[in-house]
Amino acid sequence: MSTPEEVLAYWLDEQGPEGWYQGGEALDAEIRDLFEPLWHRAMEGSLSLWMTYPSGVLAYLILTDQFPRNMFRDTPKAFASDKLALAVAKCAIGKDWDMTIDPPARQFFYMPLMHSESTTDQDRCVRLFLTRMPESESNLLHAKAHREVIRKFGRFPFRNAALERRTTKPETEFMEQGGYGATVKSIQAAE
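Let me begin by describing the structure that accompanies this report. Since this is a predicted model, take the numbers as computed values, not measurements.

Core analysis: the largest hydrophobic core is formed by 48 residues, its most contacted members being L63, F67, F109 and F129. Each of domain 1 (1-98) and domain 2 (116-190) accounts for three or more of the residues forming this core. Setting aside anything within four residues of it in sequence, one finds F129 in contact with Q107, Y110, M111, M114, P134, N139, L140 and A143. L141, F153, Y180 and V184 belong to the second largest nonpolar core, which has ten residues in total.

Right under this line is the structure:
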């Protein structure tokens, strides 16, 4: 598979919202088999035409932000194309191209911001979900939870092992006390 339309058909139609956050070895292997060569082309910079129109950008963001998390789960490569996705997402959002894509697919313009270890990007992600997808309470909840983790640690502790980063004592305590899941529950309880 090598076109934006094929990426979108697979992720939006075949997998759909039910499959987007399921994960699992079978899905990871399928995405790897279908899209790893295309991901390498993106890493080499050969998909620039995709970035010239909204649905092409959407496919590019899925390929560079979502698929690596499946294809390369628990390895540094899972995050290797995050900077590419983030730059393209910011540019597209600046052109309001995200607003030409209907929810729930629109969320993939904001996911690179949610995956960023920058407080500024996290704040912007929350604002975008509040203003551009207000009906998506679940996405807003998770955007707030991601932001809370970054505010607290400046990075995502649950990536430390994959990225071979030293885990601090506060990060260890956070993970032992429920980590991200506990953060989500805390935000839910406060709202």
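Turning next to the packing of aromatic side chains. Aromatic ring pairs are defined here through the distance separating the ring centres and the angle between the ring planes. Across all of its chains, the model carries twelve aromatic pairs by this definition. Measuring from ring centre to ring centre gives 5.2 Å for F156 and F158, while their planes differ by 25°; the resulting arrangement is stacked. For F156, a relative accessible area of 1% gives the class buried. Assessed through its relative accessible area of 38%, F158 is described here as partly exposed. Members of the aromatic cluster, connected to one another through ring pairs, are Y10, W11, W20, F35, F67 and F108. When the ring centre of W97 is taken as origin, the NZ or CZ atom of K95, which lies over that ring, is 4.5 Å away.

A few words now on unusual backbone geometry. Apart from glycine, the bulk of residues carry a negative phi angle, and the bulk of peptide bonds sit in the trans form. Of the consecutive residues P103 and P104, the connecting peptide bond is found in the cis state with omega at 5°. Summarising the element assignment, P104 is placed in the loop between helix 4 (82-94) and helix 5 (107-114). Of note, the phi angle at D74 is positive, near 65°, even though the residue is not glycine. Relative to the helices and strands, D74 is located in the loop between helix 3 (54-71) and helix 4. The phi dihedral of E164 falls on the positive side, at around 55°, and the residue is not glycine. Structurally, E164 is set in the loop between helix 7 (137-153) and helix 8 (169-176). For E164, a relative accessible area of 73% corresponds to the exposed category.

Reading guide: rules and limits
Residues numbered from 1 in each chain as written. Predicted model: local features only at pLDDT ≥ 70, side-chain atom pairs only at ≥ 80, totals over all residues. Heavy atoms only, no water. Core = buried A, V, L, I, M, F, W, Y, C linked by side-chain atoms within 4.5 Å. Buried < 20%, exposed > 50% of the residue type's maximum accessible area, 1.4 Å probe, protein only. Domains from an automatic or database assignment. Contact = heavy atoms within 4.5 Å. Phe/Tyr/Trp six-rings, centres within 6.5 Å; stacked < 30°, edge-to-face > 60°. Lys NZ or Arg CZ within 6 Å of the ring centre and 35° of its normal. Helix = DSSP H or I, 4+ residues; strand = E, 2+ residues; numbered from the N terminus.

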